[in-house]
Structures are given as structure tokens and as C-alpha cells.
Amino acid sequence: MPGIDKLPIEETLEDSPQTRSLLSVFEEDTATISSYYNQLFQAMHRIYDAQNELSAATHLTSKLLKEYEKQRFPLGGDDEVMSSTLQQFAKVIDELSSCHAVLSTQLADAMMFPITQFKERDLKEILTLKEVFQISSDDHDVAVNRYSRLSKKKENEKVKSEVMEDVYTSRKKQHQTMMHYFSALNTLQYKKKIALLEPLLGYMQAQISFFKLGSENLTQQWEDFLTNIGTSVQNVRREMDSEVDSMQQTIQDLEQASDLLYMPDPDPSKIPINRNLTRKAGYLNTRNKTGLVSSTWDRQYFFTQGGNLMSQSRGDVAGGLVMDIDNCSVMAVDCEDRRFCFQISAFDGKKVSILQADSRKDCEEWIATINNISKRIYLSENPEETAARVNQSALEAVTPSPSFQQRHESFRPSTQGRPRAGRTSSQSSAGSESPALSSLSLDSLVAPDTPIQFDIISPVSEDYSTQAKSASQGRRTNPFGESGQSQSGESEDSILHQLFIVRFLGSMEVKATENTDVIYETMRQILAARAIHNIFRMTESHLLVTCECLKKRRFPLSSVVLCASHQENKRLFGFVLQTAGGRVDGRPVTVCYIFESNNDGEKVLSKQSEDRKASQKQRDMDKAKVKQQEELSKQKQIEKDLEEQSRLIAASSRPNPPAADGQFLVLSNSQSEDSDAGEEGRKRGESEA
């Protein structure tokens, strides 16, 4: 007999839309079988009921057997062996329909009993299991929906325990009912053949026995044919029994293995988290905004397909694209009304999706899977091995890199008689060694036990807040912390500016600022710390590069002493900032900031260099302009003093006017001296002004 399609019992716990679609095909096939076997049962029952109607009933049976190949069974329409066998049966029955008599006892035992048992027991069992499965599926959906609405706020533990117990009971009941329902549907594919062939075989054997094998229509050839059919029925029965035993064993194994999976939030110590996945599928709740502040949550089946995230609802034939997750960013987020939420942002930052998993394990596995896909690990030959190797490399990065030490060791000067240093030296990026770099060690780059800051904090924020406070005295203060005057002046100075979407990874205080190795070492330690402590959350914002500063918080370009991008991953870049205030051991405090950009990090750094040059050029032009204004002001003051001096000299050289009586006014020596002193003081005051 040809192979029979069957429902996958192993996928009942996942309950994916594909499995539901395949189940609907089997249910449609069951309805077709029920309709067809009811007609066949009625035909055989007419043979059993009325001896006078034997010819008509036999003819109807023959007709139905001939129409078997025209029946569109979704699973058995291509069974040519079965169709040809039934055609031969129809031919024999049609030849014997005019001469056979009803043998009530033999027909009742050999023909009516098997098909009656199939109709009353097997088909009704399928209908009962279908109703029970539908009820358990609805109860499970209600329990999961109630569990999803649990608030993350601290609440009554008794209610939480009752909800989780309800999810466990309903999921277990649905899983068990679904497995037995699938088993019954798979068994039905064998029983329908037995229920069709066995009554026909019993009917033919009864006819042969009645005529004592002496009928002219029954030759040795037909006996051999019936014998072969009997052998085929026995083979199908043995195959069915073997398949039933196998499915029962599978059900028992799956029940034992799936007991921990019935809990909505299983214990991670019992079921470890797999961070090496490049493909994942499962049900998630997605948030849809319905207004400015209101939103709804819809439960859908999500799965990854290459570099795309797909979703599919129950009843849909295929899934739809949610977003392209190549070069995307994913991080866990806190939602006010939901737990286990994470956010996916597209590479251009235009599309953001917030999803909720059923457990912490699923949430972290989804984040790890999307991170692996974002790095395009799925394009390699062995994606899971590559992901495992990348994650292992990140864990091993907590210790100093051997290649980093060997690179310094290879450039250490080999002088005989000199004791070896405790740490290896560093090499410059140009490949040539200098005396300053030959003594550079790991401790000289980053101090041991230096804390890592994962939240962005600008070291000059206090200085700007103090300036803003002093500048705001005597006038109204902007509630956003900036004055309108400062903004206008700043916008005038910012001739060149560009906006970049970046994610802040971390910052550390460093010692050396002479070589880019300090930035590479800071990148290694920050990435290693994130991998070890499972920190996937990153602060995403806009980095505005202007002529004066980097606006994430505020980083003056004049304080940026070093910048570089990662040698392999160009999306990683960092810069070393020298703070304005505070000194440690007689040296200024320097902090290295590490970012990840959606663009090439070198573009951000080149933009910094261009803006620094433009800013310097603008400042030189402003200084020249101010100097020119000062020269013009001095020249005008000198001309004004000369004119005033000439006017005073002319006034003093004129004769004194006569008095009213014709006599002259004579001044004393003291009066003339006072007058001269007054004029000189006035001239000196005017010149000083």
C-alpha cells in the first residue's frame, strides 16, 4: 500500500498556524469520509434489509464503488491501487447483482458489522475528540490572555499563582487532547481502508459460501484476487497496529519531556537559554498604538526567515513581513503594563516594534537570535557554530587578548642584560616603534578595576549648568535649560553640522592618550563586560556633530584629544575626551566614550575633523575681524584727540575781550595757573576717553 500522510504529533505543543492548516485538511478529509461511508452504509443496509431489493442495492453499491475515483479526498485522491481495486470489486458485484440472494446471518456478521462499527465508533470518536479539542483550545487561549495581562507591579502572589496554575492546566489539557486527536485522525486513514475493504470481502465470501463455490461467475481467478485483497487488508492492519504503537510511545515520551514546558515561565536552571540561535519561532504579543497614549496588544505567531522577521495569524495561509532585521538594534525595554518586553529598531531608525514574550527565557532567546541575525551570521555555512564561536570569543575577551600582548611583545626591544618588564609593550598604528610606545603596557592604557559607565553622562554638564545659571540671572530662564540667546549664537557658529543615529555602549576613565590602542582596549573591555553580564540594553539617540561640539549630551571638540573606529567592525567608534575640571595625580581626567553607529564610524570621525577645521577657520576669521575693528577704533580716537587739541590751541591764542566799561580784565598768576591746569586736565581726560 502507498504511504499515508499523517499529522505531526511532535508539533502539537507548538501549535503553529501551519499545523492548524494541516489539521483543517485532515478534518475536511474526515468530513468527506463520513459522507461517503454513510452512503455506503445505507447501500449495504438495503442489501441486508430486503431480499427483494438485493439487485437494486447491489447495483447501487457497484455504482458507488465506481465513483470512488471521482471523490476528491484531500489525502487519498492519488491512490491508484485503491481505485483500481474498487473498480474490480464494482465489476464483480455488478455481474452478481442479478443472481445473489440475501444471506441475513452471514451478511450481518461479515458485511454489516465492520462498517457499522466504523460508523458508530470510529467516526463518532473523531467528532467527540474534535469538540473536546476545541473546548481545551479556547480554555488555553483564555488562560494565556489572562496571564499576559498580569501587571509587572507587585501584586497578590495568590492570584499570580492561580493564573500560572490555570495556564499550566489548560496547556497540558490542550496538548494531551491535541495529541490524541491527531492520533485518531492518523489512525482513521488506515481504518477507512479497512472499513471499506473488510465489508466487501465479507460480502464476497458470503456469496461464495452460499453458492458453494460453484457459481459460473466465480472462477479461480477471482478467488486468487480475493485472497490477495485479504492479504493486503491484513498487511494494512499490521501496519496500522505498528503505527498506533509508535504514536502511543511518542505521546508518552512527549508528555514526559514537555512537562516543564507547560509552565509559562520555566526555571532557567532546568531549561538553559540558548544564545546561539539564528532561527526562532513562537507566539509573541505585539503592541499597536490606537491613539496618542493608548495601545492594544495582539497575539501573533512570529518567525524569522533569513534576515526578515515575519508574523502570521491563525487562519492565514502564509506569514507577512514585519521588518528587515539586518543591521537592526534590539534591546529589552520596560513597559508599564507588560513584562518580558523587548524593542526592535530598524537600521534606519524609522520603524520600531515592541514585542512581549511569554517568559524571560523566550525574551532573552529572541534578543540573542535577532542580535545574531543582525550580524548576518545566518549567511555563513554553519550559522549556529559561528554564533557559538562569536559568543565564546566575547566571553573570553574579559582576559587580555593574547594577540594584543603578542603584538606588543614582537616590538619590544631585545637588549641583553636588561630585565624583562612585567607587561608587554604596545606598537603604534603606523607600525613603527617609538620610545614612548615601547614602554606602554595594558595598565598604562586603562587602570585596573576601572568602573564602566553604561549610561551616558557628559563630564562638562556641570560647567554648562553653572554658566547657564549665571547667565540667566536678571532675565527669564528657559524651562529646557538653555537661553534663546545662547541658542541663536550657537546656531550662528554651527556652520557645518550633521546628524547620526548612535547607540551608547559605555565609557571608562583611561590613562594614555597618545595612541589609538587605548580606544581599542576600551572597546574590548566594554564589549566583554556586556557579554558577561548579559547587558543588551543600549541607549539610542541622535549624535549631532557641529563646529564646536558633539551633541549627545555636550562634548566640546576642543576637548576631544583622540578618536578612532574599530579595525574590523567599522560601525564601532570611540573618542577620548579631556575634562575641563578635576585632576588626578597631577594630570587631567580623560574618559574614553564608545558608540555604535548605523553608518560607518569613520564618517562620524571625519565629520568631527571637518567641523574642527571649519571651527578653527571661523575663529581665526572672527579674531582678525575683532583686531581690525580695534585698529579702526584707535585710529578714530587719535583723529578726535588731534581735532580737540587744535581747537583748544586756537581758542587760547585769541586776545581777551574788553570789559563793558572799556577796560581790560587782568588775571592774576594764581588764576592763570588754575586755568592752565584745568585745560590740561580736561585735555588729558578727553584723550584718555
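This report concerns the structure included in the present document. Each chain carries its own residue numbering, running from 1 in the written order of its sequence. Local features in this predicted model are restricted to residues whose pLDDT is 70 or higher, and side-chain atom pairs enter the listing and the counts only when it is 80 or higher, whereas totals over whole chains, interfaces and linings include all residues. Note that the side-chain values use all heavy atoms of the structure and ignore hydrogens as well as water.

A word on the overall build of the chain
Short version of the rule: Put simply, DSSP H or I for four residues or longer makes a helix, DSSP E for two residues or longer makes a strand, and each gets a number counted from the N terminus. Classification of residues uses two cut-offs on accessible area relative to the type maximum, computed with a 1.4 Å probe and protein chains only: under 20% is buried, over 50% is exposed, and between them is partly exposed. By definition, residues are in contact when any of their heavy atoms lie within 4.5 Å. Surface accessibility in these figures is a Shrake-Rupley result with a 1.4 Å probe; residues are shielded only by whichever protein chains are displayed.
Assigned secondary structure in the chain consists of 16 helices and 14 strands. Burial statistics for the chain: of 689 residues in total, 39% are counted as buried. If you take every contact in the chain between residues at least 6 apart in sequence, the share linking residues at least 24 apart comes to 70%. Accessible surface for the chain amounts to roughly 38,900 Å². Of this, 49% is attributable to carbon and sulfur atoms.

Quick word on helix H5 (residues 157-210)
For clarity, the cut-off: Each residue after the first adds 1.5 Å to the expected span of a helix. Two axes enter the bend calculation: one fitted to the seven residues ending at the residue in question, the other to the seven starting there, and the bend is the angle between them.
Here H5 is 54 residues long and its end C-alpha atoms lie 76 Å apart, about the 80 Å a rise of 1.5 Å per residue gives. Residue Gln-189 marks the point of greatest curvature in H5, where the axis turns by about 35°. With its phi angle positive at about 55°, Lys-212 sits one or two positions after the end of H5.

What to know about the side chain of Thr-58
Turning to its location among the elements, Thr-58 is positioned in helix H2 (residues 54-66). Judged by relative accessible area, Thr-58 falls into the buried class, the value being 1%. Excluding residues that lie within four positions of it along the chain, Thr-58 makes contacts with Ile-47, Ile-93, Ser-97 and Tyr-203.

What about the nonpolar core?
The condition that has to hold: Throughout this description, the term nonpolar core refers to a set of buried Ala, Val, Leu, Ile, Met, Phe, Trp, Tyr and Cys residues connected via side-chain atoms within 4.5 Å.
Ranked by size, the top nonpolar core spans 55 residues in total, and within it Leu-65, Leu-86, Phe-89, Tyr-181, Leu-196, Tyr-203 and Met-204 carry the most contacts. Listed by contribution, the elements that provide at least two residues to this core are helix H1 (17-49), H2, helix H3 (80-96), helix H4 (104-148), H5 and helix H6 (220-257). Look past the residues within four positions of Leu-86 in its chain and what remains in contact with it is Leu-65, Tyr-68, Leu-196, Leu-197 and Leu-200. By size, the runner-up hydrophobic cluster in this structure holds 25 residues, among which are Phe-302, Leu-309, Met-323 and Val-330.

Examining the pattern of salt bridges
Definition in use: Salt bridge, as used here: a side-chain nitrogen of Lys or Arg that lies within 4 Å of a carboxyl oxygen of Asp or Glu.
Applying the stated criterion to the full structure yields 18 salt bridges. With a closest N to O distance of 2.8 Å, Glu-243 and Lys-6 form a salt bridge. A residue pair is termed long-range when its members are at least 10 positions apart, and Glu-243 in helix H6 and Lys-6 in the segment before H1 qualify at 237 residues. When its relative accessible area of 46% is taken as the criterion, Lys-6 is described as partly exposed. For Arg-275, the salt bridge goes to Glu-364, with nearest N and O atoms at 2.8 Å.

A short note on unusual backbone geometry
Backbone phi values are negative for most residues with the exception of glycine, while trans is the configuration of most peptide bonds. With phi around 60°, Asn-327 is a residue other than glycine that occupies positive phi space. Mapped onto the elements, Asn-327 comes out in the loop between strand E4 (320-324) and strand E5 (329-333). For Arg-376, which is not a glycine, the phi torsion comes out positive at approximately 65°.

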